[in-house]
Amino acid sequence: GNELRLPKSLATPIIMVGPGTGVAPFISFLYERRAAAKAQGAGAAARLGPAHLFFGCQHRVGDFLFDKELVRLQEDGSLTQLHTAFSRDAMDTAASGEWRNVRLNVNYVQDLFYMSAPEIARLITKEGAHLYICGDGRAMAADVHRELVATLQNECGFASAVEADTLLSGLATEGRYTREIWY
């Protein structure tokens, strides 16, 4: 099955998407990576594969409970890149919201993929990255999947979204794309 667990090799890249409480298993992942590298001795930390965490919540102040902890994990090399989105801390809060079913000035985790699209596509298609989504199944998981499809289609030159979606389905079958979501 596709249980939520780290790849066997510490060198395998991981991409984690965990807004809100969905971040909890990924903090555990990062501590596990750090402990495993330490147990392997000198130089093991340098052999850790890239680890990207896409985290989001409504407000940086008050909701970002693990900020200092995640910064420390990034500083010690357990986490390569922390990507954050704060949906209610829009640059222009008066203009944020929805108009004709289009989000305006609202920043969600899937919106961060655009800035990292080449890296995400490379890690998934060339480096064998494992991809994890954890959190809300009502909207976030579908939105993240849709953005992953768009990212892979654009960056890999797929002729259609169906080709990119087929790639993600294959990764799920291999245990490289795991979604732990709740409704």
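First things first, this report covers the structure right here in the doc. (Residues numbered from 1 in each chain as written. Predicted model: local features only at pLDDT ≥ 70, side-chain atom pairs only at ≥ 80, totals over all residues. Heavy atoms only, no water.)

### A few points about the nonpolar core
Link 1 in the chain: Core analysis: the biggest nonpolar cluster contains 23 residues, and Ile124 and Leu148 have the highest contact counts within it.
Link 2 in the chain: When residues of this core are traced back to their parent elements, those giving at least two are strand 1 (14–17), helix 4 (113–125), strand 6 (130–136), helix 5 (140–156) and helix 6 (161–174).
Link 3 in the chain: Once you skip the residues sitting within four places of it in the chain, Ile124 turns out to touch Ile15, Ala129, Leu131, Leu148, Leu152, Leu171 and Arg176.
Link 4 in the chain: Ile14, Val23, Phe26 and Leu70 belong to the second-largest nonpolar core, a separate cluster that totals 20 residues. (Core = buried A, V, L, I, M, F, W, Y, C linked by side-chain atoms within 4.5 Å. Buried < 20%, exposed > 50% of the residue type's maximum accessible area, 1.4 Å probe, protein only. Helix = DSSP H or I, 4+ residues; strand = E, 2+ residues; numbered from the N terminus. Contact = heavy atoms within 4.5 Å.)

### Considering the pattern of salt bridges
Link 1 in the chain: In total, this model carries 6 salt bridges according to the counting rule given.
Link 2 in the chain: Arg34 is paired through a salt bridge with Asp76; the nearest N and O atoms lie 2.7 Å apart. Placement of the pair is Arg34 in helix 1 (residues 24–39) and Asp76 in the loop between helix 3 (67–75) and strand 3 (81–86), with a sequence separation of 42 residues.
Link 3 in the chain: Judged by relative accessible area, Arg34 falls into the partly exposed class, the value being 35%.
Link 4 in the chain: Arg122 is the partner of Glu127 in a salt bridge, and the nearest nitrogen-oxygen pair spans 3.2 Å.
Link 5 in the chain: One connected set of salt bridges, linked through shared partners, spans Glu119, Arg122 and Glu127. (Salt bridge = Lys/Arg side-chain N within 4 Å of Asp/Glu carboxyl O.)

### Side note on helix 5
Link 1 in the chain: Taking 1.5 Å of rise per residue, the 17 residues of helix 5 would be expected to cover 24 Å, and the 24 Å separating its terminal C-alpha atoms lies within 8% of that figure.
Link 2 in the chain: Just beyond helix 5, the residue with positive phi is Gly157, at close to 75 degrees. (Expected span 1.5 Å × (residues − 1).)

### A closer look at the packing of helix 1 against helix 3
Two numbers describe a pair of packed helices, the interaxial angle and the distance between the axes.
Link 1 in the chain: Between helix 1 and helix 3, whose axes approach to 11 Å, the crossing angle comes to 30 degrees. Between helix 1 and helix 3 lies a crossing whose hand is left-handed. Listed contacts from helix 3 to Ile27, Leu30, Tyr31 and Arg34 of helix 1 are Glu69, Leu70 and Leu73.
Link 2 in the chain: Residue classes in the contact of helix 1 with helix 3 are distributed as 5 nonpolar, no polar and 2 charged. (Axes fitted to C-alpha atoms, helices over the stretch in contact; angles between N-to-C directions. Left-handed = near helix turned anticlockwise from the far one by under 90°. Nonpolar A, V, L, I, M, F, W, Y, C, P; charged D, E, K, R; others polar.)

### A closer look at the packing of aromatic side chains
Link 1 in the chain: Within this structure, the stated rule accounts for 6 aromatic pairs.
Link 2 in the chain: When the centroid spacing of 5.7 Å and the interplanar angle of 65 degrees are considered together, the rings of Phe26 and Phe29 count as edge-to-face. Residue Phe26 and its partner Phe29 are both found in helix 1; the two are separated by 3 residues, about one turn of the helix.
Link 3 in the chain: By relative accessible area, Phe29 is classed as buried at 5%.
Link 4 in the chain: A centroid spacing of 4.8 Å and a plane angle of 90 degrees characterise the contact between Phe54 and Phe113, whose relative ring orientation is edge-to-face. Note that Phe54 is positioned in strand 2 (residues 51–57) and Phe113 in helix 4, a separation of 59 residues in sequence. Accessibility classification places Phe54 together with Phe113 in one group, the buried group. (Phe/Tyr/Trp six-rings, centres within 6.5 Å; stacked < 30°, edge-to-face > 60°.)

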